[in-house]
Structures are given as C-alpha cells and as structure tokens.
Amino acid sequence: MSRLRDIFKRYTGFLRDLKVVYVINNYLNADKLQHNKALYKKHGVQKSIFASIGRKDMPKSTDGIPWIDQPNAIQNVTAHPTFKSFSPEVQQKITDFIENGYMILEGFLNEKTVQELNSSMETVLKNKEADFNFTGKKVMDAHKVSKAADDHFRNPEMLELLSFLLGKKVIPFQSINFREGSEQRAHSDSIHMTTEPAGYLIATWAALEDCHAGNGPLFYYPKSHRLPFVSCEDYDAGHSKILLGKESHPNYEDKMAEVIEENQLEKKYFHAKKGDLLIWHANLLHGGSGITQKGTTRRSMVCHYYGEDVVCYHELTQRPALI
C-alpha cells in the first residue's frame, strides 16, 4: 500500500481528477480518519468520514474562530498570562502577527541546524528514502525519514509559540522541503489545508540558505489574512459529483489575482537570511517569485500545523485530511 501511495504522489494523469480515487484512499487510511466521527458530530458536519468533503458541507457559522481573529484580539492576547512568558521582542512580533498576518524570527535556526537539515535532505534524496512529488519541486514529509527534519518539525519552542497564536495545541501535519524556489502564484494555504471552524491552520517557512531577487524569494501581502476566506464556492472550480475540476487550481489562482487587485494589496518580498523563520496565518496570501537566475537554489523547509479538535480537510481536492 505504501508503494501505491508513493506512485500516486508523482502521478499526474486522469486518476488524480477522480473523486472515487480519493475515497478509496480514505478507506485505505481509515485509521487516520476515525477521529473525525466525533469531530463531524461536534461541528454539525453531515457526511461520512470517507466521503468527499468541502466548504459546502460545513455549517454556515463563524463560531469558534481563533482568538487572534476575534474582535479585541490584541487586548485579549496581551492580557493572557502566557503572553508575559515571551521575550519583549517576541511579544511585539505576536501583536504584529495579529495586525499583519505574519512574523519573522531572524536567525531562529543556527548554522549547525541549517547544515544538518541541508545535509540530511541530500542524503535521503540520494538514498531514495524521499523524492520530489508530481510538481517536481516539493519533497513531501521528509520528517518521516530525516531526524534533522523531524527535530525542526517538532521544535518545542516553535510549537509553544504556534499553539499560543492559535489558542489551541497545534498538531504537526506535514512538511515540505524545497531545493529551489516554488514559483507558485499567490494563494492562501486555507484552500489547500482547510478547517472548521476556519483559520485553525498555521505555517512556518525556514530559510536554509540566503534568498535574493534572483533565486525566487517568497512574497506575501500584509493584512490579506483579514479578507474573507475563499473556497471552491467562490469561483468556477468545475467540480462535479464524480470529477474534480481540471482547471480548479489555475482558476483559483486567477480568483486570488482579482482579490489582490480589487483590494489594492501591497506586495512584499522576503529576502531571508539563512536561518530566518517566517510564521504566517492560514489566510495570508503568499507565493514564490520567478527564478531569474537559472540554476540557483533556494533551499527551504515549510511546516504546516492544524489546531487540535477541529475538522481538517483539503478544500481544493475535496477530501478529509489524513492525520
């Protein structure tokens, strides 16, 4: 079964558009979905835990959103006793996160850690313990075969901060390693990794080498996290009962380009230094710039975390998350 999963990670054909393929995969991973029985009941989701699922199946409610997205968020967060346990510098970054949707922790990873992460990735790729997925850009879940990656993925200091930001204990979900820039158009992670209630996802991006204009630096739009979440109900996704819309992803990216223009959002580039860590909100619009210096690398590691005790699914592919 693991061999079939590995093949599907790199597969790009018609089967990837069939909803039934994901349903079969759900049955094959039943142990990772059993917890949804109680969560679906708690959150009023009237679906089988193995069925296709999307925002359309969620109750139309805004109850239970993260405390950083609620009115008086800064007042409530800064009054919490745990807030005082962070350094004054991190306290300021927490309030900035609430306002802007991201924070940057300069030099969070030391030189030794960065070297270990880069060396470990080259080793697992060489030994074929991990490989790039169908995008040709992403190495998914290297933390399962790399101790260095897993140590970063579960860094206690980082998990403590992420849990405080969400107001819930975070559950490590997936990691993605890049050797070069993603060149991905502007998007919100909430279309790929979605929650009910909305907003209980948080992400980190670690620079494993310096970033500059030529190697495709990350870009983001401050304050875009305050815009409404966009789901497949808000653009022409083209989904049917049987198929996922073949143009759903590019149509979504076109929709986000319209959102950016309509709201006149300011684009910022992250010319990170090796060891810097970016933390961003589930709904912050971001992406990867084009690589103008061909052949340059931009090694980095992304980690995604869900909040505990919420429904987790993938809006774009209409399937429950395997946790």
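Residues numbered from 1 in each chain as written. Predicted model: local features only at pLDDT ≥ 70, side-chain atom pairs only at ≥ 80, totals over all residues. Heavy atoms only, no water.

Peer 1: When you look at the overall build of the chain in this model, what are you seeing that I'm missing?
Peer 2: Looking only at helices and strands, one finds 9 helices and 12 strands in the chain. For 323 residues, the compact-globule formula gives about 20 Å, and the C-alpha radius of gyration of the chain, at 19 Å, lands near that figure. When its C-alpha atoms are laid out on the principal axes, the chain stretches across 50 × 50 × 40 Å. Expressed as a percentage of the 323 residues in the chain, the buried residues total 53%. (Helix = DSSP H or I, 4+ residues; strand = E, 2+ residues; numbered from the N terminus. Rg over C-alpha atoms; globule rule 2.2 N^0.38 Å. Buried < 20%, exposed > 50% of the residue type's maximum accessible area, 1.4 Å probe, protein only.)

Peer 1: What exactly am I supposed to notice about helix α6 (residues 111-126) here?
Peer 2: Compared with an ideal rise of 1.5 Å per residue, which puts 16 residues at 22 Å, α6 spans 23 Å between its outermost C-alpha atoms and is within 8% of the ideal. The opening residue of α6, the one whose side-chain oxygen lies 3.2 Å from the backbone nitrogen of Lys-112, is Asn-110. In the stretch just after α6, Lys-128 is the one whose phi turns positive, near 60 degrees. (Expected span 1.5 Å × (residues − 1). Polar contact = N/O pair within 3.5 Å; in protein donor to acceptor, adjacent residues only side chain to side chain.)

Peer 1: Help me out: how do you make sense of the side chain of His-43 in this one?
Peer 2: On the secondary structure map, His-43 appears in helix α3 (residues 36-43). The exposure class assigned to His-43 is buried, which follows from its relative accessible area of 15%.

Peer 1: How do you make sense of the nonpolar core when you look at a structure like this?
Peer 2: Side chains of nonpolar character tend, in soluble globular proteins, to be buried together. If you look at the biggest cluster of nonpolar residues, it comprises 44 residues, and the most contacted ones within it are Ile-94, Leu-161, Ile-202, Ile-279 and Tyr-305. Of the residues forming this core, the biggest block, 7 residues, is contributed by helix α8 (residues 156-166). Ignoring any residue separated from it by four or fewer positions in sequence, one finds Leu-161 in contact with Phe-86, Val-90, Ile-94, Met-103, Leu-105 and Ile-279. (Core = buried A, V, L, I, M, F, W, Y, C linked by side-chain atoms within 4.5 Å. Contact = heavy atoms within 4.5 Å.)

Peer 1: Please explain the pairing of strand β11 (residues 311-314) as it appears in this structure.
Peer 2: Put simply, side chains in a regular strand alternate between the two faces of the sheet. Along β11, one buried face is formed by Val-311 and Tyr-313 and the opposite face, lined by Cys-312 and His-314, is buried too. Pairing geometry for strand β4 (residues 194-196) and β11, over 3 bridges, is antiparallel. Within β11, the position partnered with Thr-195 by the bridge is Cys-312. Pairing of β11 with strand β12 (residues 319-320) involves 2 bridges; the strand directions are antiparallel. Each residue of the ladder has a partner; that of Tyr-313, found in β12, is Pro-320. (Pairing = 2+ DSSP bridges.)

Peer 1: What's the story with the sheet that holds β12 in this structure? I'm lost.
Peer 2: Within a sheet, neighbouring strands are paired by backbone hydrogen bonds and run either parallel or antiparallel to one another. Overall, antiparallel pairing links the 3 strands, which are arranged β4-β11-β12 in an open sheet. The outermost strands of the open sheet, each flanked by one partner alone, are β4 and β12.

Peer 1: What am I meant to see in the sheet that holds strand β3 (residues 170-178) here?
Peer 2: Read across the sheet, 6 strands follow the order β1-β8-β5-β10-β3-β2 without closing on themselves; strand pairing throughout is antiparallel. Each edge of the open sheet is held by one strand with a lone partner, namely β1 (102-105) and β2 (138-140). For this sheet, the mean inter-axis angle between neighbouring strands, taken without regard to orientation, is 20 degrees. Where strand β5 (residues 201-207) and strand β8 (residues 277-281) come together, 5 bridges link them in antiparallel fashion. Looking at β8, one finds that Ala-203 is bridged to Trp-280. (Axes fitted to C-alpha atoms, helices over the stretch in contact; angles between N-to-C directions.)

Peer 1: How should I be thinking about a nonpolar patch on the surface in this particular structure?
Peer 2: Taken together, the side chains of Phe-14, Leu-15, Ile-242 and Leu-243 present a nonpolar region at the surface, about 380 Å² in accessible area. Inspection of the secondary structure puts Ile-242 in the loop between β6 (218-220) and α9 (248-262). (Patch = residues over 30% accessible without salt bridge, like charges linked within 9 Å, V, L, I, M, F, W, Y side chains within 5 Å. Areas by Shrake-Rupley, 256 points an atom, 1.4 Å probe, with all protein chains shown as cover. Salt bridge = Lys/Arg side-chain N within 4 Å of Asp/Glu carboxyl O.)

Peer 1: Whenever I open this one, the packing of aromatic side chains confuses me. Can you help?
Peer 2: A ring pair, where both rings are aromatic, is described by two values, the distance of the centres and the angle of the planes. In this structure the tally under the stated criterion is 10 aromatic pairs. Relative to Phe-164, the ring of Trp-67 lies with its centre 5.3 Å away and its plane at 80 degrees, an arrangement referred to as edge-to-face. With a gap of 97 residues between them, Trp-67 in the loop between α3 and α4 (73-78) and Phe-164 in helix α8 connect regions that are remote in the sequence. Taken individually, Trp-67 and Phe-164 each receive the classification buried, so the pair is uniform in this respect. Between Phe-86 and Phe-164, the aromatic rings sit 5.3 Å apart at their centres with planes inclined by 55 degrees, giving tilted as the arrangement. A residue pair is termed long-range when its members are at least 10 positions apart, and Phe-86 in the loop between α4 and α5 (88-100) and Phe-164 in helix α8 qualify at 78 residues. Neither residue differs from the other here; Phe-86 and Phe-164 are each classed as buried. Pairwise contacts between aromatic rings join Trp-67, Phe-83, Phe-86 and Phe-164 into one cluster. Positioned over the ring face of Tyr-200 is Lys-168, at 5.3 Å from the centre of the ring. The ring of Phe-178 has Arg-298 sitting right over it, with the charged end atom 5.9 Å from the ring centre. (Phe/Tyr/Trp six-rings, centres within 6.5 Å; stacked < 30°, edge-to-face > 60°. Lys NZ or Arg CZ within 6 Å of the ring centre and 35° of its normal.)

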